[in-house]
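Single-letter residue listing:
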Amino acid sequence: MAQEFFIPGEQRAEKVKQLFTIVARRYDLINDLQSFGLHRYWKRRVIELAGPKAGDRALDVCCGTGDIALGLARRGVQTIGLDFNEEMLRVAQLKAQKAEMGKAIQFVQGDAEAVHFPENSFDIVTVGYGLRNLRSWKTGLREMQRVAKPGGRLVVLEFGKPGNPLWRSLYFGYLRSFVPLLGLVFCGNAGAYAYILESLKNYPAQQGVAAKMRDFGLSDVRIINLLGGVMSINYGVKG
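Residues numbered from 1 in each chain as written. Predicted model: local features only at pLDDT ≥ 70, side-chain atom pairs only at ≥ 80, totals over all residues. Heavy atoms only, no water.

Draft legend 1. Looking closely at the packing of aromatic side chains. Tallied over the full model, the rule gives 6 aromatic pairs. Between Phe-117 and Phe-122 the ring centres are 5.3 Å apart and the planes differ by 90°, which places this aromatic pair in the edge-to-face class. Seen from the ring of Phe-216, Arg-142 lies directly overhead, with NZ or CZ sitting 3.9 Å from the centre. Across from the ring centre of Tyr-235, 4.3 Å away, lies the NZ or CZ of Arg-222, which sits over that ring. (Phe/Tyr/Trp six-rings, centres within 6.5 Å; stacked < 30°, edge-to-face > 60°. Lys NZ or Arg CZ within 6 Å of the ring centre and 35° of its normal.)

Draft legend 2. Fine view of helix α7 (residues 165–187). An ideal rise of 1.5 Å per residue puts 33 Å on 23 residues; α7 measures up with 31 Å between its terminal C-alpha atoms. Taken as a whole, α7 carries its principal kink of about 30° at Leu-175. Sitting at the head of α7, Asn-164 places a side-chain oxygen 3.0 Å from the backbone nitrogen of Leu-166. Count one or two residues on from α7 and you reach Gly-188, which has phi positive near 70°. (Helix = DSSP H or I, 4+ residues; strand = E, 2+ residues; numbered from the N terminus. Expected span 1.5 Å × (residues − 1). Bend = angle between axes of the 7 residues up to and from the residue. Polar contact = N/O pair within 3.5 Å; in protein donor to acceptor, adjacent residues only side chain to side chain.)

Draft legend 3. Spatial organisation of the state of the cysteines. What the rule picks out here adds up to 0 disulfides. Here Cys-63 stays unpaired: no disulfide links it, and the sulfur of Cys-62, its closest cysteine neighbor, is 8.2 Å away. The buried category is assigned to Cys-63, whose relative accessible area is 7%. (Disulfide = S-S within 2.5 Å. Buried < 20%, exposed > 50% of the residue type's maximum accessible area, 1.4 Å probe, protein only.)

Draft legend 4. The arrangement of the sheet that holds strand β7 (residues 231–237) in detail. Pairing within the open sheet is mixed, and its 7 strands lie in the order β3-β2-β1-β4-β5-β7-β6. Whereas interior strands pair on both sides, the edge strands pair on one side only; in this sheet they are β3 (105–109) and β6 (219–226). Looking at each pair of strands side by side, their axes are set apart by 15° on average, direction ignored. Across 6 bridges, strand β4 (residues 122–128) lies against strand β5 (residues 148–159) in parallel orientation. Bridge pairing in β5 links Val-125 to Leu-154. Sheet strands in contact with helix α3 (residues 38–50) are β4, β5, β6 and β7, and its direction is about 165° off that of β5. (Pairing = 2+ DSSP bridges. Axes fitted to C-alpha atoms, helices over the stretch in contact; angles between N-to-C directions. Contact = heavy atoms within 4.5 Å.)

Draft legend 5. Spotlight on the packing of helix α2 (residues 27–35) against α7. Between α2 and α7, the least distance of the axes is 11 Å, while the angle of their chain directions is 150°. Crossing of α2 against α7: the hand is right-handed. When α2 is examined against α7, the residues Leu-29, Ile-30, Leu-33 and Gln-34 are found in contact with a partner set consisting of Tyr-174, Val-179, Leu-182, Gly-183, Phe-186 and Cys-187. Of the residues that constitute the contact of α2 with α7, the class distribution is 8 nonpolar, 2 polar and no charged. (Left-handed = near helix turned anticlockwise from the far one by under 90°. Nonpolar A, V, L, I, M, F, W, Y, C, P; charged D, E, K, R; others polar.)

Draft legend 6. Focus on the pairing of β3. Two elements, strand β2 (residues 78–83) and β3, share 5 bridges in a ladder whose sense is parallel. Within β3, the position partnered with Gly-81 by the bridge is Phe-107. Crossover β2 to β3 through helix α5 (residues 86–98) is right-handed. (Right-handed = clockwise from strand over helix to strand, strands pointing away.)

In structure tokens form, the structure reads like this:
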């Protein structure tokens with residue numbers, strides 16, 4: 001399938017923005033369908049690993065429709081969700097209003113590769129299904145590290161690459177065939193979800209992110225593999 005949304009280089013951000021504008025209204029539904037509802041559990045794992053405490057400040061970059069940001073806010077954390085796509089932020093804001101979160105959460109438009117907050121600002125910095133979509137995932141991770149306070153927790157949830165070759169082949173086959181069908185049926189655009197596999201092929205996944213976390217001086221670096229590594233959580237603490 002021709003991939004209209006995965007374009008390396010400077011045009012990448014604009015293409016990804018177009019993609020998420022197309023899928024925003026059905027994003028949560030398709031996440032439920034393609035993960036069989038498990039994405040909700042995985043996001044709860046992210047929140048638990050972040051160790052939220054009342055009085056903490058959190059930043060959820062590439063926040064999308066706001067699930068992780070809302071989960072942190074419900075734990076008494078003053079939370080900011082940041083995303084560059086207006087349609088995704090609109091969905092997130094509606095969810096926050098429905099949950100009556102009040103001043104506990106704020107959604108803002110911004111660039112994950114040039115976060116407009118000073119360094120050492122947040123106790124928790126998270127990203128769910130966003131690092132892979134950046135022009136430079138390394139720059140995005142560096143920005144997460146920069147705005148975290150010393151002792152701050154960085155948590156990354158993302159599609160992974162299973163170590164077992166057979167399991168990886170079956171998983172990639174699922175992403176190649178079934179997931180684009182969901183995009184076609186519910187968004188009228190198969191390419192919007194065929195993009196997942198293409199972007200994953202060009203992303204180092206859990207092992208590469210863990211290595212870069214160590215390069216950046218993070219401590220207690222961990223990889224939590226989910227479903228044999230088809231999804232993964234990377235964790236690290238700013239020294």
